[in-house]
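Descriptive structure summary
If you want the building blocks of each chain, they are given just below.
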Amino acid sequence: MDDPLIRLEGVGRTFRSGEIEVHALRQADLQIDEGDYLSIVGPSGSGKSTLLNVIALLDRHTSGTYRFEGTDVTELSDGARTGLRAHRIGFVFQSFHLLAHRTVTENVILSMLYNSVRPKERKARAMEALERVKMSHRADFLPVRLSGGERQRVAIARAIATDPAILICDEPTGNLDSASTESILALFGRLRRDGLTLLVVTHDQTVSSHADRTVSMHDGFLTEGAAA
Amino acid sequence: MTDRMRARLRPRDLLAESLAGLFTRPGRSLLTALGAVLGIASLVATLGIAETAGNQIITAFDELAATSVVVTTDQGFFGNAPQATLPWDSEERLTRLNGVTAAGTMGSVPIGGLLTRSVPIKDPLGLTEFQIPMIAASPGLYPAARGSLATGRWYDRGHSDRADRVAVLGTGAAQRLNITRVDQQPVVFVGDHSFVVLGILDEVERQPELLNALIVPEGTARDLYDYRSPDTIQIDTEVGAASLISDQAPIAVAPDDPSTVRVQAPSEPDDVRAGVEQDVNAMFLILGGVSLLVGAIGIANVTLVSVLERVGEIGLRRALGASRRHIAYQFLLESTGVGLFGGAIGASTGVLVVVGVSALRTWTPVLDPRIPLAAPLLGALTGLLAGLYPAIRASLMEPVDSLRGAA
Ligand SMILES: Nc1ncnc2c1ncn2[C@@H]1O[C@H](COP(=O)(O)OP(=O)(O)OP(=O)(O)O)[C@@H](O)[C@H]1O
Ligand SMILES: [Mg+2]
């Protein structure tokens, strides 16, 4: 496949609430190739989450074209976008979003309910993912008994268990102390070496410095490089 | 887009997720189900009690009505033909028929407004004189009307043949005349004639006008007054013989022209049953329906609360690849599960209530077996409908909004 994994051309996202229009994302051009490790930095309210949600197909852009693995997703139905999320995209949130009443393993398995992973394989794949994030020793714990860093590693295991084309993380270390942040960064490094494509939004200079490439956002505008 | 790339959710996984949702907060799920329990229980109980009570009325009613045939000379609205007469020996003619257990003739005696009193002296103020109807009846009327005496005895054929001045008082008439005992052979006076009271009629199951009357033998009535013929024959039949007897009776009493007499036969028992049950059921059904509606509102409410509480979970699932439909199904299945559970418990409770009430009343509990089987389904349907709005609300949430809402 010659197409890049992700290509944005003049992508914008405008929020409308009554008379007021918010241009959260303006004319963004961005290409992400397979195996990239890209970080997005920028001040609060600059549109980082907006961009990430558009890329993760959680939100629809209002202008421009967005191709995912060569497919123009602008025209895709809600069902088809959902299918892409289930099979091709892993998402990690700042606030983990683990289900409190499910064990670590059950939380990881949750991501395999909505795609083609066969029920018999789920347990093994969940264990394998937990192995990769070094959390297999906590497989039967409930999330309340885990530290923040451990919870985020479980959330990452849940995202990679479906074998996605890209792992998209919105402030994955935003709620973590520096030691936990270190462990997450080490994990990203390993995943990157295994060939996973990574897209990470962060406030944290140390986090962005680990990435191969950094883009900055300011007032909805995207610029290559870690601008001031 | 290949089909393999579609978001999917296996029915088993959907079921497991919904059950997990219910068991996450078992206390709340139970409380939610309580509404459906109460609704279904009252529905099943009211239906069962209605059916049981209806059945009870029918058994009491059936037996009495299905064995009664009444022959009259009444010609109805179109009766401009000369008044037919019933023969004096109708009682003998009818008791000869197979299936007749008792028969008796009766008729109102024209006493021309004479007053009845229990003492010989004429009271100038007339305070102890009463207008009491006189009915002439054959001896067989007593068993045919299923009478029972408070005291004394009924007259026999001998009294009638000799035109003896004897009488039986209906309980209402006896009260007005202040006669409670017959062992002293009390006498009542009608105009100038006196009658020895042989007995007091306590109750009749048929021909209730007897209870307020002075009842005399037919021979006596003919001798003293212008009593030409009985106008009514009451027949008591064996169970199941009534319709046959109602065909045969007119021929037996009026062989020349059976059409001159009118026969009142019991209505078909099934019609009666259906009629009574419908009346009782309609009322109880409304009651049960209202309780079920209240239960449904409860389920809808709690499901909606649960949807709003789990906005974050909804967003997460959408991000993981759940479609709007998957989200809707999950919440629908949860509310349906609550309804089904409530319906099952409610059905059992309802059946227990029916059995309990029947035991207290020494009735035979009767319940259409389809009711306890259909009740859980009705509960499930209630849950399904109640979950419709919350499920749609959940499915319409945008993944981004729900993820932000929970953060
Ligand atoms: N649904 C919405 N409706 C209206 N405005 C919105 C909506 N979502 C985001 N915005 C606005 O768009 C702008 C960009 O928001 P976004 O969440 O992308 O910022 P961010 O860079 O992720 O900030 P932070 O670092 O604080 O997370 C903000 O001004 C925000 O108020
Ligand atoms: Mg953000």
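Residues numbered from 1 in each chain as written. Chains lettered and ligands numbered in written order. Predicted model: local features only at pLDDT ≥ 70, side-chain atom pairs only at ≥ 80, totals over all residues. Heavy atoms only, no water.

1. Comments concerning the sheet that holds strand 6 (residues 89-92) of chain A
All names here are of chain A. The following threshold applies: DSSP calls a pair of strands paired once it identifies at least 2 bridges connecting them. For helices the rule is a DSSP run of H or I covering at least 4 residues; for strands it is a run of E covering at least 2, with both sets numbered from the N terminus onward. Only C-alpha atoms enter the line fits that serve as axes; for helices the fit covers just the stretch in contact. Angles between N-to-C directions range over 0 to 180 degrees.
Here we have six strands laid out as an open sheet, ordered 6-7-8-3-9-10, and mixed in their pairing. Of all strands in the sheet, those with a lone pairing partner are strand 6 and strand 10 (221-224), marking the two edges. Going from strand to strand, the sheet's axes swing by 20° on average, the running direction of each strand aside. In the sheet, strand 7 (residues 166-170) pairs with strand 8 (residues 197-201) via five bridges, with the strands oriented parallel. Note on strand 8: the bridge partner recorded for isoleucine 168 is leucine 199.

2. Considerations on the environment of B:Val216
Residue and element names in this part refer to chain B. The line we're drawing: Pairs of residues are marked as contacts when any of their non-hydrogen atoms sit within 4.5 Å.
Summarising the element assignment, valine 216 is placed in strand 9 (residues 214-217). In the structure, valine 216 is positioned 61 residues away from tyrosine 155 in sequence and 8.4 Å away in space, judged by C-alpha atoms. Residues in contact with valine 216, not counting those within four places in the same chain, are Met134, Ile135, Ala136, Ala137, Tyr155, Val166, Ala167, Phe195 and Ala221.

3. Remarks on the interface of chain A and chain B
How we decide: Two parts placed together each lose some accessible area; with a 1.4 Å probe, that loss summed over both constitutes the buried area. The rule for a salt bridge is simple: a side-chain nitrogen of Lys or Arg has to be within 4 Å of a carboxyl oxygen of Asp or Glu. As used in this structure description, the phrase polar contact means that two N or O atoms lie within 3.5 Å; if the pair is within protein, one of them must be able to donate a hydrogen and the other to accept it, and residues adjacent in sequence are counted only when both atoms belong to side chains.
Contacts between the two partners involve 31 residues from chain A, matched on the other side by 30 residues from chain B. Considering only the surface of chain A that becomes buried against chain B, A:Leu58, A:His97 and A:Tyr114 emerge as the three largest contributors, covering 24% of it. Across the contact surface, chain A and chain B share four salt bridges. A salt bridge links A:Asp78 to B:Arg324, with the shortest nitrogen-to-oxygen separation between them at 3.1 Å. Linking chain A with chain B are six residue pairs in polar contact (both at pLDDT 80 or more). When contributions to the side of chain A that touches chain B are tallied by element, the ones reaching two or more residues are helix 2 (78-88) and helix 4 (119-132) of chain A. The greatest single-element share of the side of chain A that touches chain B, amounting to 10 residues, is contributed by helix 2 of chain A.

4. What about the nonpolar core?
Which entries qualify depends on this criterion: What is meant by a nonpolar core is a set of buried Ala, Val, Leu, Ile, Met, Phe, Trp, Tyr and Cys residues, joined one to another through side-chain atoms within 4.5 Å. Throughout, exposure labels follow a simple rule: accessible area from a 1.4 Å probe, protein chains only, divided by the maximum for the residue type, with under 20% read as buried, over 50% as exposed, and the rest as partly exposed.
Ranked by internal contacts, the top residues of the largest apolar core, which has 59 residues, are A:Ile6, A:Ile55, A:Tyr66, A:Ile168 and A:Leu199. Among the elements that line this core, the one with the most residues is helix 10 (residues 311-320) of chain B, at five residues. Look past the residues within four positions of A:Tyr66 in its chain and what remains in contact with it is A:Ile6, A:Arg7, A:Leu8, A:Val11, A:Val54, A:Ile55, A:Leu57, A:His61, A:Thr71, A:Asp72, A:Val73 and A:Thr74. With 37 residues, the next largest nonpolar core counts A:Phe96, A:Ala126, A:Ala139 and A:Leu198 among its residues.

5. Topic: the site of ligand 1
Operational definition: Working definition: residue near molecule or strand if any one of its non-hydrogen atoms lies within 4 Å of it. Using the Shrake-Rupley algorithm and a 1.4 Å probe, accessible areas are obtained, with residue cover drawn only from the displayed protein chains.
The environment of ligand 1 is formed by 14 residues, the closest being A:Ser44, A:Gly45, A:Lys48, A:Ser49 and A:Thr50. Positioned at a junction of chains, ligand 1 has nearby residues supplied by chains A and B. The contact in question runs from an oxygen atom of ligand 1 to an N or O atom on the side chain of A:Ser44, over 2.5 Å. At a separation of 2.7 Å, an oxygen atom of ligand 1 approaches a polar side-chain atom of A:Lys48. Contact with the protein chains covers 66% of the free accessible surface of ligand 1, which is 630 Å². Breaking the shell around ligand 1 down by element, the ones donating at least two residues are strand 2 (20-32) and helix 1 (48-55) of chain A.

6. What about the sheet that holds strand 2 of chain A?
Residue and element names in this part refer to chain A. Strand order in the open sheet made by the four strands is 2-1-4-5, with antiparallel pairing throughout. Unpaired on one side and paired on the other, strand 2 and strand 5 (71-72) mark the two borders of the sheet. Sheet topology places strand 4 (residues 63-68) next to strand 5; two bridges connect them, and they run antiparallel. Considered in strand 5, the bridge of arginine 67 is made with aspartate 72.

7. Here's the deal with the pairing of strand 2 of chain A
For a regular strand, side-chain orientation follows a simple rule: the groups alternate between the two sheet faces. Bridge count between strand 1 (residues 6-17) of chain A and strand 2 of chain A: nine bridges; the pairing is antiparallel. Directly across from A:Phe15, in strand 2 of chain A, lies its bridge partner A:Val22.

8. Examining helix 8 (residues 242-253) of chain B
Note: α-helices contain 3.6 residues per turn, so residues at a spacing of three or four share the same orientation. All names here are of chain B. Condition: A helix is expected to span 1.5 Å for every residue after the first. By construction, the arc corresponds to the directions joining the helix axis to the C-beta atoms.
Counted at 1.5 Å a residue, the expected span for helix 8 with its 12 residues is 16 Å, and the 16 Å between its end C-alpha atoms agrees. Those residues of helix 8 lying buried are Ala242, Ile245, Ser246, Ala249, Pro250, Ala252 and Val253. Projection of helix 8 onto a plane perpendicular to its axis shows the buried side chains occupying an angular sector of 160°, all on one side. Along helix 8, the residues that are exposed and aim more than 90 degrees away from the buried face are Asp247 and Ile251.

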